[in-house]
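Topology and contacts: notes
Listed below are the residues making up each chain.
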Amino acid sequence: MYKLKSQLVVVSSLIFLFCQTCTAAASITINAPIRVQSNGPTNSIFREIGALSIEFCYILDYLGDLGSPNTFSRQLLQNIEDRLGAPPVIRIGGHTQDVARYCEHCTSTLAKVFVPGNAEAVNVTFSKGLFEVLNNNVPSKQQFIFGLNLGQDDVQFPLAEVVAAEKYLRPERLRSFELGNEPDFFNVQRPHGWNVQIYAQQVVDWHSQINHATKRTLSVQLGAFAQQPIYMRNFSLVELRQMGVAAKIGHVTSLSDHTYPFSICDSTRAALVSLPNLMNHINTIQYFSQWASEIAAAKSQSIPFVIGETGSVSCHGKEGVSNSLGAALWSLDYMLHGAVLGMQSVYFHAGTPFYYSMWQPVVYNNTPAVVWPTYYSLLFIADAIGDISNPRIEELSAFESKRLSLYALYSGNTVRKIIALNLEFFNATTARPVA
């Protein structure tokens, strides 16, 4: 149905003025009739649509240590809380959650071992001090998803982590636990046989053992699968639904897949990486379309679906692409289109040396701490939905092209704001296009 709406709307034109610590988005208030080709909003856009995932071994860089919080990071998180009512949920995970182990009597908050050529630690040990950091070094309403070690194939590792969290972490800080990172790629950790049936039985058994050893029922984020749905075969949320895994575990608060639309992990995929390709709205639509069955599997169980780890370019991003204004515009389009499809949250991954991080939290390679443009996509989302009660979203597909996307934000059935993203690419050596 086409509806004629005549009401006050705010058109956010996505003209940004960037600096290291601030941004301004030009907003124009128009009190005039507008025609919206619309069937009305179909999905909520959740306040946690923009979320963060931080590589386990770098969490102290981002949050600081006991008695010395990283005030730079805390202010960036506080900026979101001030606008939205809560900061972005932080998942502490990634590959290094599966090499992490808890040490009750260790004096260091977190110790890590690296090998040359690898930006991710090969061994991580942490103590109760890490939970004190999570309690005290963040804004008042901060919540975490805490990644547990499935990779070592020993239930005692995650059991010790959960028991310690129950003892030292404030309950209001914990959103959920996540057992294992990208277990569909565990063939190296499990060389003697690994498939979705073995995985499912193991996580059901381990969660049962951990629940029996602790005083409270675990809230769980399940899945964290890495493979794109078109390649997944049986490692998928669809398969887990058919096996009844979430029902057997109980208290599954979200179902998660991981993805990166581009990659520099090999030369074939690296050749496709460019800002024009990343910013292409039609590319984003086509890429996300393969998650329809995964989202439906979550919805059929009344469990929220999330992209639990993502970024522009896998293998830690590409300089000049992942840390650019173009990537910030892509991040916005990615979150907004994800919300249209029914995603509750999109967790953007980060690590101190990773180019796709939203900020570099400490001095690294003689480069001072810096805010990258992608951070401002979180600020924009917070400003866009922060003052709307129960916001809902619709994509105005009649107007979209590879360089233009439009979204309507609703309160009830009333259009409150329209977001127009100009995704045209330009650089300093070419004439700037006019939207």
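Read on for an overview of the structure. As a convention, each chain's residues are numbered from 1 in the sequence order in which they are written. Totals for whole chains, interfaces and linings use all residues, but because this is a predicted model, local features are given only for residues with pLDDT of at least 70 and pairs of side-chain atoms are given and counted only at 80 or more. Values reported for side chains reflect all heavy atoms of the structure, with hydrogen atoms and water molecules removed beforehand.

1. Structural notes on the packing of helix α12 (residues 325-341) against helix α13 (residues 375-385)
In this analysis, axes come from line fits to C-alpha atoms, helices being fitted only over the stretch in contact, and the angle between any two N-to-C directions falls in the range 0 to 180 degrees. A run of H or I in DSSP counts as a helix once it spans at least four residues, and a run of E counts as a strand once it spans at least two, with each numbered from the N terminus. In the contact formed by α12 and α13, the axes pass within 8 Å of each other and the chain directions differ by 45°. In terms of orientation, α12 and α13 fall into the oblique class. Crossing angle aside, the handedness with which α12 passes α13 is right-handed. Side by side, α12 and α13 meet where Ala328, Ser331, Leu332, Met335 and Leu336 of the first sit next to Ser377, Leu378, Phe380 and Ile381 of the second. Here the contact of α12 with α13 is composed, by residue class, of seven nonpolar, two polar and no charged. Oblique is the label for any angle not covered by the other classes, which are roughly parallel (under 35 degrees), roughly antiparallel (over 145) and roughly perpendicular (65 to 115). Crossing handedness is defined as follows: a turn of the near helix away from the far one that is anticlockwise and smaller than a right angle gives a left-handed crossing, while the clockwise case is right-handed. Only heavy atoms enter the contact rule, under which two residues are in contact if any of them lie within 4.5 Å. Note on residue categories: nonpolar means Ala, Val, Leu, Ile, Met, Phe, Trp, Tyr, Cys or Pro, charged means Asp, Glu, Lys or Arg, and polar means any other residue, Gly included.

2. Quick look at the state of the cysteines
By disulfide we mean two sulfur atoms from cysteines, separated by a distance within 2.5 Å. For the coordinates displayed, the defined rule picks out two disulfides. With its sulfur 2.1 Å from that of its partner, cysteine 103 forms a disulfide with cysteine 106. Disulfide cysteine 103 to cysteine 106: torsion about the S-S bond roughly 85°, handedness right-handed. Burial classes follow relative accessibility: with a 1.4 Å probe on protein chains only, a residue under 20% of its type's maximum area counts as buried, one over 50% as exposed, and anything between as partly exposed. You can call cysteine 106 partly exposed: its relative accessible area is 30%.

3. Focus on the sheet that holds strand β8 (residues 100-102)
Spatially, three strands are ordered β8-β10-β9 in an open sheet, and the strand pairing comes out mixed. The open sheet has two edge strands, β8 and β9 (110-113), and neither has a second partner. The mean inter-strand angle of the sheet, taken between neighbouring strand axes irrespective of direction, is 15°. Pairing geometry for β8 and strand β10 (residues 123-126), over three bridges, is parallel. Along β10, the bridge assignment pairs arginine 101 with threonine 125. Seen against the sheet, helix α4 (residues 156-168) touches β8 and β10 and runs at an angle of roughly 55° to β8. Whether two strands pair depends on DSSP finding at least two bridges between them.

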